Amino acid sequence: MKPLELDVFLCRTDNFGVLVHDPETGFTAAIDAPEEAPILEAATRRGWKITHIFTTHHHTDHVAANLALKEQFGCEIIGPINEAIAIPGLDRTMADGDSFLFGDHTINVIETPGHTAGHICYHFVDDKLLFAADTLFALGCGRLFERPAADMWHSLQKLAVLPDETAIYFGHEYTLSNARFALTVDPGNERLKGRAAEIEAMRADGKFTIPTTLGLEKETNPFLRAADPAIRRNLLMEGKTNEEVFAEIRKRKDNF
């Protein structure tokens, strides 16, 4: 089985567009559809025809180009069953624990409510790829619009059990702000300090910070580290539950 080919580019202001291409079948999936023109430019540049859109959640900056791409390519749009009514052009729904094939590549669907009520992530099992959209970012997680903090904490725990080498592709280039915030709640984390310096340099050079890996996030992302004693001491929350610590971190980031 030939490895998948990926193309990553910016859409809108800070959304990442991602095309995933299977060279054996010619299938090409857009991970969400934030904006028509950059997606078309990437597909044309690579000589790929978009056959699928894998929608993660219903927010406009992730579905805005669904209908335009479907009209041009006749692509199949797959998305979360719990947000089906809100996703333009949806053809096939997916629920937590569902699996499907993209060529010979198995994709597991992981429902991660928090940012939205029905958000899903796409895990390419054998390829060790996770498309997490607005659930898990490099050094961050999504804002809580439709579900409480406890739900998002449990969603993140579902992702945290994947292999550490899993490459994570996320929905927005928020990493520089996330790194600066992370240092305020985990200031003694030497691995985080080094990573934050690397991110400052990357963004100064105009480089993307995508992808990350799950192992790296578990070492440095405060939203996955609510159980860490140092973070708890820094927040004066040593006797609180993981959910409560996570909620406090999320509240602080909202006001950062």
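Just so it is clear, the structure is predicted and the values come from calculations on it, not from any experiment.

## A few points about the nonpolar core
1) Next: Grouped together as the largest cluster of nonpolar side chains are 25 residues, with contacts concentrated most on Leu130, Leu136, Leu156, Phe223, Leu235, Phe246 and Ile249.
2) Next: Elements supplying a minimum of two residues to this core: strand E10 (129–133), helix H4 (149–160), helix H5 (175–185) and helix H9 (242–254).
3) Next: Counting residues per element, this core draws most heavily on H4, which supplies five residues.
4) Next: The next biggest cluster of nonpolar side chains, apart from the first, holds 24 residues, and it includes Leu4, Ile78, Phe102 and Ala167.

## With respect to the UniProt feature "binding site: Zn(2+) 2" (unreviewed entry) in the protein chain
1) Next: UniProt records the feature "binding site: Zn(2+) 2" (unreviewed entry) for Asp61, His62, Asp134 and His172 in the present numbering. A compact arrangement is adopted by the annotated residues: their sequence extent is 112 residues, whereas the largest C-alpha distance between any two is 10.8 Å.
2) Next: Along the chain, the position of Asp61 falls in helix H2 (residues 60–63).
3) Next: When neighbours within four sequence positions are excluded, Asp61 is seen to be in contact with Arg12, Asn15, Pro34 and His172.
4) Next: Among the structural elements, His172 can be located in the loop between strand E13 (167–170) and H5.
5) Next: Here His172 is in contact with Asp14, Asn15, Phe16, Asp61, His62, Asp134 and Phe137, once residues within four sequence places are set aside.

## What about the sheet that holds strand E2 (residues 15–21)?
1) Next: Here we have six strands laid out as an open sheet, ordered E1-E2-E3-E4-E5-E6, and mixed in their pairing. Only two strands of the sheet have a single neighbouring strand rather than two, namely strand E1 (5–11) and strand E6 (92–94). Taken over all neighbouring pairs, the strand axes of this sheet differ in orientation by 20° on average, direction set aside.
2) Next: With three bridges joining them, strand E5 (residues 76–80) and E6 adopt parallel strand pairing. Among the inter-strand pairings, Gly79 is bridged to a residue of E6, identified as Thr93.

## Considerations on unusual backbone geometry
1) Next: In the segment running from Ile210 into Pro211, the intervening peptide bond is cis, with an omega of 0°.
2) Next: Position of Pro211 relative to the elements: it lies in the loop between helix H6 (190–204) and strand E14 (212–213).
3) Next: Backbone geometry places Leu139, a non-glycine residue, at a positive phi of 65°.
4) Next: When you line up the elements, Leu139 lands in the loop between strand E11 (136–137) and strand E12 (140–141).
5) Next: Residues other than glycine seldom take positive phi values, yet Leu236 does so here, at roughly 60°.
6) Next: Considering the arrangement of structural elements, one finds Leu236 in the loop between helix H8 (229–234) and H9.

## Details of the state of the cysteines
1) Next: Scanning the model with the defined rule gives zero disulfides in all.
2) Next: As a non-bridged cysteine, Cys11 has Cys75 as the owner of its nearest cysteine sulfur, 14 Å distant.
3) Next: Between Cys121, a free cysteine, and Cys141, which holds the nearest cysteine sulfur, the sulfur-to-sulfur gap is 12 Å.
4) Next: Residue class for Cys121 comes out buried when judged on its relative accessible area of 0%.

## Details of the pairing of strand E9 (residues 120–124)
1) Next: Counting buried positions over the five residues of E9 gives five, a clear majority of the element.
2) Next: Burial of the side chains of E9 extends over both faces: Ile120, Tyr122 and Phe124 are buried on one face and Cys121 and His123 on the other.
3) Next: Sheet topology note: the strand E8 (residues 105–111)/E9 ladder contains five bridges and is antiparallel. Note that in E9 the partner of Val109 across the bridge is Tyr122.
4) Next: Where E9 and E10 come together, three bridges link them in antiparallel fashion. Each residue of the ladder has a partner; that of Tyr122, found in E10, is Phe131.
5) Next: Where E9 folds back on E10, the antiparallel hairpin that results is connected by four residues, among which Lys128 adopts a positive phi of roughly 55°.

## With respect to the pairing of E10
1) Next: Counting buried residues in E10 gives five out of five residues, a clear majority hidden from the surface.
2) Next: Here E10 shows a buried face lined by Leu129, Phe131 and Ala133 and a second buried face lined by Leu130 and Ala132.
3) Next: Bridging between E10 and E13 involves four bridges; their strand directions are parallel. If you follow Ala133 over to E13, its bridge partner there is Phe170.

## Describing the UniProt feature "domain: Metallo-beta-lactamase" (unreviewed entry) in the protein chain
1) Next: UniProt records the feature "domain: Metallo-beta-lactamase" (unreviewed entry) for residues 14–172 in the present numbering.
2) Next: Each end of residues 14–172 is marked by a C-alpha atom, and these two atoms are 5 Å apart; helix forms 22% of the span and strand 32%.

What counts as what
- Residues numbered from 1 in each chain as written.
- Predicted model: local features only at pLDDT ≥ 70, side-chain atom pairs only at ≥ 80, totals over all residues.
- Heavy atoms only, no water.
- Core = buried A, V, L, I, M, F, W, Y, C linked by side-chain atoms within 4.5 Å.
- Buried < 20%, exposed > 50% of the residue type's maximum accessible area, 1.4 Å probe, protein only.
- Helix = DSSP H or I, 4+ residues; strand = E, 2+ residues; numbered from the N terminus.
- UniProt positions renumbered as here; feature names shortened; annotations may be inferred.
- Contact = heavy atoms within 4.5 Å.
- Pairing = 2+ DSSP bridges.
- Axes fitted to C-alpha atoms, helices over the stretch in contact; angles between N-to-C directions.
- Disulfide = S-S within 2.5 Å.

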